[in-house]
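# Inside the fold
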Amino acid sequence: MGDVSVAKNWRLPVMGDVARLAGVSHMTVSRVLNEPGSVRPETRERVLLAIEQLGYRRNSAARSLVTRRSQTLGVVCFDTTHHGPASMLNGIVHATEEAGYAVSVASLRRLTADAATQAVQRLVHQSVEGLVLIAPQAVEAMAFVRALPTTLAVVAVENALPTVTSVSVDQVLGARLATEHLLSLGHETVHHVRGPADWSEANGRVEGWMTALEANGRPVPRELAGDWSAASGYAAGRKLARDPRVTAVFSANDSMALGVLRALLEAGLRVPEDVSVVGFDDFPEAAYVTPPLTTVSQPFREVGRRSIEILLGEIEGGAARGASAVIPPELVVRASTAPRRR
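In this report, the structure presented in the accompanying data block is examined.

## Topic: the overall build of the protein chain
- A tally of regular secondary structure across the protein chain gives 13 helices and 12 strands.
- By the burial criterion, 50% of the 342 residues in the protein chain qualify as buried.
- Taking as baseline every contact in the protein chain between residues at least 6 positions apart, the subset at least 24 positions apart corresponds to 71%.
- When the accessible surface of the protein chain is totalled, it reaches about 16800 Å², and 54% of it is carbon and sulfur.

This is the structure we're talking about:
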């Protein structure tokens, strides 16, 4: 019977419970939830601990009635069949939920002016307080920008767009790290399998590759075109395998690098003994292929965190637009690269 009594008296914790447990006022708890930077760190930690201990969750519906705010952010993304955009979306959704906001996602297979306008209108009708645009294709993304209400806070990911704050990974730096790593192993030059020409990420990686070769006084081979798929990497790899001068390959993503590995293997070439291969992205399987793939890791979670931090700064703090962020990637060295054989 004691258990039944406990069950009958049980209720969801409210903000007053958090205040009593933390030994602070109701207003202090509200400030921790809504303006955490305005609360002293030690007080904020005490309140957060009380929230965790009680399992307190904000009543978003009630809060919306009082504040006339939806506590919802919108995300527009394109072609999440690729690892990069899909991982960006996951990082942004995770960061949004951690910030206590709901997420509404509009995923478009192709961005046209009509599709962009419809996506924006749908999200605006849901009263989203801000938008995140995952925009790897610069020309098409401009259609989205033209559809944006001027009063809505917006952050673009992986693209620098006029009048829009952006957060991106330093693609040029990542490609330089990959290329310089191969040059440091004694390779005379580095061949490149590039991504699609209409993707800003692909163009940034081409720029970084060329910059590293030119800075070291090395010849710049003609890049081979790819479309992010393993099949396109395989086609490029077959061409590279026929050239005995090729000893190092930088692929613009890991999927194409897998295709390159397969083509080299079929041609009787060993990786890394005959040819070293580097990818980009560090997708989950990269550490488990044969040989484990050296690659450039993109900090997708950090991109998501910074995107939401900047967006909420514009929404809640009145921060001016234009506070863009560029986040450095990291080279992850595995067994697919080795010193050039003399």
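## Points about the sheet that holds strand E5 (residues 165–169)
- Spatially, the 6 strands line up as an open sheet ordered E2-E1-E3-E4-E5-E11, and their pairing is parallel. Each of the sheet's edge strands pairs with one partner strand only, and the pair in question is strand E2 (102–108) and strand E11 (325–327). Averaged over all pairs of adjacent strands, the angle between strand axes in this sheet comes to 15°, irrespective of strand direction.
- Inspection of the sheet shows strand E1 (residues 72–78) paired to strand E3 (residues 130–134) by 5 bridges, in the parallel sense.

## A word on helix H13 (residues 300–316)
- For H13, built from 17 residues, the straight-helix expectation of 24 Å at 1.5 Å per residue is met to within 8% by its first-to-last C-alpha distance of 24 Å.
- Regarding H13, the residues found buried are Phe300, Val303, Gly304, Arg306, Ser307, Ile308, Ile310, Leu311, Leu312 and Glu314.
- Among the structural elements, E1, helix H6 (83–98), E3, strand E4 (153–157), E5 and E11 are those in contact with the buried residues of H13.

## Comments concerning the pattern of salt bridges
- For the structure shown, the criterion picks out 13 salt bridges.
- Note that Arg262 is salt-bridged to Glu266, the shortest N-O span being 2.8 Å. With Arg262 and Glu266 both in helix H12 (residues 254–266), this residue pair falls 4 residues apart, about one helical turn.
- For Arg262, a relative accessible area of 49% corresponds to the partly exposed category.
- A residue is classified by how much of its surface remains accessible, and Glu266, at 45% relative accessible area, is partly exposed.
- One salt bridge in this structure joins Glu309 and Arg305, with 2.9 Å as the shortest N-O distance. Of this pair, Glu309 and Arg305 both sit in helix H13, 4 residues apart, roughly one helical turn.
- Look at the salt bridges and you will find they share partners, linking Glu302, Arg305, Arg306 and Glu309 into a network.

## Remarks on the nonpolar core
- One finds Met88, Ile92, Val132, Ile134, Val167, Val303 and Ile308 to be the most contacted residues of the largest nonpolar core, which totals 23 residues.
- Contributions of two or more residues to this core are made by E1, H6, E3, E4, E5, H13 and E11.
- Here this core gets 6 residues from one element, more than from any other, and that element is H13.
- In terms of nonpolar packing, the next biggest core, distinct from the first, is built from 22 residues, Leu240, Met256, Val271 and Ala286 among them.

## Considering the sheet that holds strand E9 (residues 276–278)
- Taking strand neighbours across the sheet as the criterion, the 4 strands line up as E7-E6-E8-E9 in an open arrangement whose pairing is parallel. Among the strands making up the open sheet, the edge pair consists of strand E7 (224–225) and E9.
- Looking at chain direction, strand E8 (residues 248–251) and E9 are connected through 3 bridges and run parallel. Bridge assignment links Val249 to a residue of E9, and that residue is Val277.
- Helix H9 (residues 171–184) rests against E8 and E9 of the sheet, and its axis sits at about 170° to E8.

Parameters and conventions
- Residues numbered from 1 in each chain as written.
- Predicted model: local features only at pLDDT ≥ 70, side-chain atom pairs only at ≥ 80, totals over all residues.
- Heavy atoms only, no water.
- Helix = DSSP H or I, 4+ residues; strand = E, 2+ residues; numbered from the N terminus.
- Buried < 20%, exposed > 50% of the residue type's maximum accessible area, 1.4 Å probe, protein only.
- Contact = heavy atoms within 4.5 Å.
- Areas by Shrake-Rupley, 256 points an atom, 1.4 Å probe, with all protein chains shown as cover.
- Pairing = 2+ DSSP bridges.
- Axes fitted to C-alpha atoms, helices over the stretch in contact; angles between N-to-C directions.
- Expected span 1.5 Å × (residues − 1).
- Salt bridge = Lys/Arg side-chain N within 4 Å of Asp/Glu carboxyl O.
- Core = buried A, V, L, I, M, F, W, Y, C linked by side-chain atoms within 4.5 Å.

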